Amino acid sequence: MSVSHAELREVSKVFPAAGGQGDVHALGPIDLNLAKGEVIAVVGPSGCGKTTLLEILAGLAVPSGGSISFEGRPVRGEVPDGIGVVFQEDASLPWLTVWDNISFGLRRAGIGAAEIKRRVDDVISFMGLEDFARAYPAQLSGGMRQRVCIARTLVLEPRLILLDEPFGALDQQTRLLMGDELLRLWRKTGATIFLITHAIDEAVMLADRVAVMSARPGCFIDLVKTEWGRDRDSRVVADGRFGALTGRVWTRLREESLKSVGRSINRVPAAALS
Amino acid sequence: MNQVTLVRLCVIAGSVLAVEALCRFGVINRLTLLPPSEMAAYLVHLLVSGEINQAIVQTFSNVAIAFVLSVVFGFVLGAVIHAMPRLRRACDPFLASYYSVPIFVFYPLFVSLFGLNRWPLIMIGFLFAITAMVIATLNGLDRVPPVLVKFARVHRMSRSAEILRVVLPAAGPYLFTGVKLALAYSFIGVLAGEFILSGGGLGYAIAYAYDAFDNRTMYALMLFVLIVVTAINSALFIWEQRLLRRRGKV
Amino acid sequence: MSVIPETSGSAYVGGHDSAPATQRQSLQRLLDSFLLIVVLVVIWQLVYWKSEVAITGPIETVKTAIELLGSETFWRHALASGRAFGLSLLMSSIGGVAVGLALGAHRFSGAVAAPILTALYTIPKVTLYPLVLLIFGLGISAKVAFGVMHGIIPVVIFTMDAVRNINPVLIKTARVLKLSPSETAYRILIPAVMPEIVTGLRVGFSLTLLGVIIGEMFASQQGLGFMIINGMNVHNVRSLTAVVLLLVFFAVVSGSVLLALERRLQR
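Here is what the cut-offs are and how they apply
- Residues numbered from 1 in each chain as written.
- Chains lettered and ligands numbered in written order.
- Predicted model: local features only at pLDDT ≥ 70, side-chain atom pairs only at ≥ 80, totals over all residues.
- Heavy atoms only, no water.
- Phe/Tyr/Trp six-rings, centres within 6.5 Å; stacked < 30°, edge-to-face > 60°.
- Helix = DSSP H or I, 4+ residues; strand = E, 2+ residues; numbered from the N terminus.
- Buried < 20%, exposed > 50% of the residue type's maximum accessible area, 1.4 Å probe, protein only.
- Lys NZ or Arg CZ within 6 Å of the ring centre and 35° of its normal.
- Contact = heavy atoms within 4.5 Å.
- Buried area = accessible area lost by both parts, 1.4 Å probe.
- Salt bridge = Lys/Arg side-chain N within 4 Å of Asp/Glu carboxyl O.
- Polar contact = N/O pair within 3.5 Å; in protein donor to acceptor, adjacent residues only side chain to side chain.
- Nonpolar A, V, L, I, M, F, W, Y, C, P; charged D, E, K, R; others polar.
- Axes fitted to C-alpha atoms, helices over the stretch in contact; angles between N-to-C directions.
- Parallel < 35°, antiparallel > 145°, perpendicular 65-115°, else oblique.
- Pairing = 2+ DSSP bridges.
- Core = buried A, V, L, I, M, F, W, Y, C linked by side-chain atoms within 4.5 Å.
- Expected span 1.5 Å × (residues − 1).
- Domains from an automatic or database assignment.

Caption draft 1: Expanded view of the packing of aromatic side chains. A complete count under the given rule lists 15 aromatic pairs over all chains for this structure. For the pair Phe85(C) and Phe205(C), a centre-to-centre distance of 5.1 Å together with 90° between the ring planes defines the contact as edge-to-face. Separated by 120 residues along the polypeptide, Phe85(C) in helix H3 (residues 72–105) and Phe205(C) in helix H8 (residues 181–217) bring together distant segments of the chain. One exposure class covers both Phe85(C) and Phe205(C), and it is buried. Relative accessible area serves as the criterion here: at 11%, Phe205(C) is assigned to the buried category. Three or more aromatic residues link up through ring pairs in this structure, and these residues are Phe60(B), Phe187(B) and Phe224(B). In this arrangement the basic side chain of Arg184(A) is found over the ring face of Phe126(A), its NZ or CZ atom lying 4.3 Å from the centre. Taking NZ or CZ as reference, Arg230(A) lies 4.4 Å from the ring centre of Trp186(A), over its face.

Rendered as C-alpha cells:
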C-alpha cells in the first residue's frame, strides 16, 4: 500500500437516546487507511452503519469518538475540498437541465464561462450524456439520472470519490455496465474511490479491497484483497477467482446478516435464508 | 387541443347556453336571473362608460397589497413554524380550523386600530390568505428531499445559498400552490369584506345594486368578478402545469 | 398534487410522530398547546389595551360568554345557525363524497371536471350570494344553499383525488384474493380512500360553517352571524366579542377532533 490518502482512527458513532429507547451504538470502533488511487468497497448487513460511516468520512456527520483525516488534514463536520459524494437517492436537481445540473458546482466556484463549458462538455461526452444535455432529469431513466449525479461529481475533479450504494436502484444489467463506467472513470481520473454497496458481486468486481462489516454496531470483520489488474471490467465475474472471493465475503457476511435479520424475525426457516 | 379540453369547453359553453335558453324562454324569472348575454352586454356598457373604474381600481389595489403581504409574511411564518416542531404541533388545530372563523368579524377592530381607510379591508384579505401560504410553505419544506440538503453540504454552501439554490426551488411547486391560493383568498377576503361591511369597491357595488333591485348592474358586476378571477387563476394553473410537467409530476 | 394544501398527518412522515407518543411527550404537547393559548390571550389583551372601543378583554369576554350560554336569546340564534349548519354539512358531505367517488371512478369525467372544480373553489362566492337569495328567498334555505356552495367543493376535490390515486396494486390484490365487488369496496377501496376523505370533510366542515355564518351576516334576522353583524351595527361590543369567542372555540375544538381522527386513520 502506497501513500495514505485518508485515515480513520477508532471512529465510532453513538446516537443519543430518543423516544424512550437507550443510546444506540451504531458504529465502530473502525480503523481504516485509504491508499491513494485504490478502490475500496464496504459491504455489510442492512442497518450496520455503512451510510453513517460514509457520512463521517465525508464530513457530513460528526463521529462520537475517534478522528478522520484527508490528505493530512483533519475532517470534522465539514466536507473538505477534493471530496465528491454520490448518493444512493436521486440527487439531481429537477428544476435544472442536465447541463445546468453538471455545471452547478463550477458556476458556484466562480470559474470562467469558457472553462466551465469545456469541462462540462468533456464530462458529458465521457459519461455518454450528449443527447440529453438539454433534457430535464424527469425525462431520463433512473440509470441516466444517476449518471448525471456522477458527472456532476466528476466535473469538480475530486481526488476522493465516496459513493453510497450508487447503483442500488438500478436493475442488475445496468448495474454491471455502470460498474464498468466507474472503473473507466477511475482509470482516467486516478481518484481514490470509497464505495458502499450491499451487492457482494459488485464489491468484489470493482474493488481492490473489500471491507466486510459486522451487524450493529458495525465494525470491520474482514478485509479481502482482490488483486485484480487496473484494467479489469465486469468480465471478471467469469474469472475462477471471482467465485472464491464472493464465497469468502458471503461466508463472513452470512452470520452477520442472520443477526440483523433475527432482530425482526425470531424463527426463520434455514431454507429461506441460504 | 386534446379531447379532455374540448369536452370541458363544451360543458362550460353548454351550461352557459342552457342558462341563456332557460332565461329566454321564461323558465327562469327575469327577476331572478338575467340571460348571460344581457349581463355581458351591460358589463361592456359599464366598462366603456367608466362608471365602475374607481371601484375596480380600489378593489384590485387592495387585493394586490393583501396578496403580496400574505405571500411574504406567510412564507416567513411558515418557515419559522417549520423550524420549531413543538410550535407546529401546537398550531395545528388552529391551522386546521382557521377557515371557519369569519375574519370579517374583526373589521370594527381593524377600523379602530388602523382608522377608517383601506387598511382594515386589506387586513381582512391578508388574514384570509396568509394561512394558505403558511400551510403550503410547511408542506413544501417537509418535502425537500434530505439528499438535496446533503448535496448542498457537499458543495459547502452557505445557509443562504442553500435556501436560495436548493430549498426554495425544491419546495417550489408547493410554494406555487400557496401563491395561487393566497391570490384567490385575497380576492375572497377583500370582496367579501366590501360586500358585507365597507362602503366602496366592487363587492360593495354588488351589494348596493342588490339592495336597489338593480339586477342589471348586479349581474354585470358578478360576471366581471367571475371572469377576472377565473382568468387569473387559469393563467396561474396553466403556468403551474408547465412547471410541473418539466419535473415529470403531471 | 392536490390543489388545496392542508395540514395533515402525512406532514410528519419521517418525524418522531411515527412512534406512539410516550406519556412525557403527550404531556409536553399539552403544555405546548397551553403556552400557545397563553401567548394568544396575551396578544388579545395587548390589542384590547390599544383599542378598547372595538373589543372587550379576555376575562370580561369569557364572563360575557358564560352569561350568553345561560341566555335564551343566544340559544335561539345558536339553534338557528346550528340547524342551517347541520343541514348544509349533511348535504355537502353526502353530496361531495358521492360526486367525488363518481368523478374519481370515471377517469375522463374527472379530468374534464378537475380544473372547473378548482375554479369554483377559488371564486369569491360571496359575490354570488344575491343570486342565492333571489333563488331561495330570505329564509333558511338560502343559508343552507350558501353553506353547501362553500363546503361541497373541497369534499368533492379530496374524494376525487383519493379515488384517482388509489394504488392499482391494491385493486389487483383484491382480484387475486377473489373478493366480490362489494367486498372490494368495503375491505379495500373505502379503507384506502378514507384518510383523504376525512381531510376533505374537515375542510368542508370549516368552509360550510364559514358559508352559513357569512350568509347570516347579510340579509338575515337570525343566527350567530346575525348576532355578530347586529353587534357591529348597534355597537354592542361585549356580545359581539363573546359570540366570536364561542364561534372560534367551537371551530377549533371540532377542527382538533377531526384532525385527530384523520391522524389515527393515517397510521
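Caption draft 2: Region of interest: the interface of chain C and chain B. On the side of chain B, 66 residues touch chain C, which itself brings 66 residues to the contact. With both chains or domains summed, chain C and chain B bury close to 5800 Å², and 76% of this area falls on carbon and sulfur atoms. Joining chain C to chain B, the criterion identifies 2 salt bridges. The closest approach of N and O atoms between Asp92(B) and Arg263(C), which form a salt bridge, is 2.9 Å. Linking chain C with chain B are 6 residue pairs in polar contact (both at pLDDT 80 or more). The set of elements that each furnish at least two residues to the side of chain C that touches chain B consists of helix H1 (23–50), helix H4 (107–122), helix H5 (129–136), H8, helix H9 (224–233) and helix H10 (237–266) of chain C. With 10 residues, H10(C) is the largest single contributor of residues to the side of chain C that touches chain B. The residue makeup of the side of chain C that touches chain B, split by class, is 48 nonpolar, 11 polar and 7 charged.

Caption draft 3: Representation of the packing of helix H10 (residues 215–246) of chain B against H5(C) in the model. Packing of H10(B) against H5(C) leaves a shortest axis separation of 10 Å and a crossing angle of 130°. Classified by the interaxial angle, the pair formed by H10(B) and H5(C) is oblique. In this structure, H10(B) uses Asn215(B), Met218(B), Tyr219(B) and Met222(B) to contact H5(C), whose residues at the interface are Pro130(C), Leu131(C) and Leu134(C). Along the lines of polarity and charge, the residues of the contact of H10(B) with H5(C) split into 6 nonpolar, 1 polar and no charged.

Caption draft 4: Here's a closer look at the sheet that holds strand E8 (residues 192–196) of chain A. Residue and element names in this part refer to chain A. The 6 strands are arranged E6-E7-E8-E3-E9-E10 in an open sheet whose pairing can be described as mixed. Either end of the sheet is taken by a strand with one partner, and the two such strands are strand E6 (83–86) and strand E10 (220–225). Across the sheet, the mean angle from the axis of one strand to that of its neighbour is 15°, orientation sign disregarded. Two elements, strand E3 (residues 39–43) and E8, share 4 bridges in a ladder whose sense is parallel.

Caption draft 5: Structural detail: the nonpolar core. Membership of the largest hydrophobic core comes to 170 residues, with the highest contact counts inside it found for Leu162(A), Phe194(A), Phe104(B), Tyr185(B), Met217(C) and Ile228(C). The element contributing the most residues to this core is helix H8 (residues 159–196) of chain B, with 18 residues. Residues contacting Phe194(A), with those up to four places away along its chain left out, are Leu32(A), Leu34(A), Ile40(A), Val42(A), Leu53(A), Leu54(A), Leu57(A), Leu160(A), Ile161(A), Leu162(A) and Leu163(A).

Caption draft 6: Fine view of the interface of chain B and chain A. Taken residue by residue, the interface counts 17 residues in chain B and 25 residues in chain A. Together, the buried faces of chain B and chain A total about 2000 Å²; carbon and sulfur atoms form 65% of this surface. Run the count over chain B and chain A and you get 2 salt bridges. The salt bridge partner of Glu55(A) is Lys150(B), with a shortest N-O separation of 2.6 Å. Seen at the junction of chain B and chain A, the total is 7 residue pairs in polar contact (both at pLDDT 80 or more). Breaking the side of chain B that touches chain A down by element, the ones donating at least two residues are helix H7 (146–154) and H8 of chain B. Here the element with the most residues in the side of chain B that touches chain A is H7(B); it accounts for 6 residues.

Caption draft 7: Inspection of helix H4 (residues 142–154) of chain A at higher detail. Here H4(A) contains 13 residues, and its C-alpha end-to-end distance of 18 Å stays within 8% of the 18 Å for a straight helix at 1.5 Å per residue. With 11 of 13 residues buried, H4(A) is to be regarded as a mostly interior element. Buried within H4(A) are the following residues: Gly143(A), Met144(A), Gln146(A), Arg147(A), Val148(A), Cys149(A), Ile150(A), Ala151(A), Arg152(A), Thr153(A) and Leu154(A). Packing partners of the buried residues in H4(A) comprise E6, helix H2 (98–108), helix H3 (113–126), strand E7 (160–164) and helix H5 (172–189) of chain A together with H7 of chain B.

Caption draft 8: Just the domain arrangement of chain B, in detail. Residues and elements named next belong to chain B. Assigned domains of chain B: these are domain 1 (1–33) and domain 2 (36–246). Put simply, the middle of domain 1 and the middle of domain 2, counted by C-alpha atoms, are 29 Å apart. Taken together, the contacts link 8 residues of domain 1 with 6 residues of domain 2. Of the roughly 580 Å² buried between domain 1 and domain 2, counting both surfaces, carbon and sulfur atoms make up 43%. When the buried surface of domain 1 facing domain 2 is broken down by residue, Glu 20, Arg 30 and Leu 33 rank first, second and third, together holding 55% of it. One can count 1 salt bridge joining domain 1 with domain 2. A salt bridge links Arg 24 to Glu 38, with the nearest nitrogen and oxygen atoms 3.8 Å apart. Summed over the shared surface of domain 1 and domain 2, the number is 2 residue pairs in polar contact (both at pLDDT 80 or more). Its residues assigned to classes, the side of domain 1 that touches domain 2 comprises 4 nonpolar, 1 polar and 3 charged.

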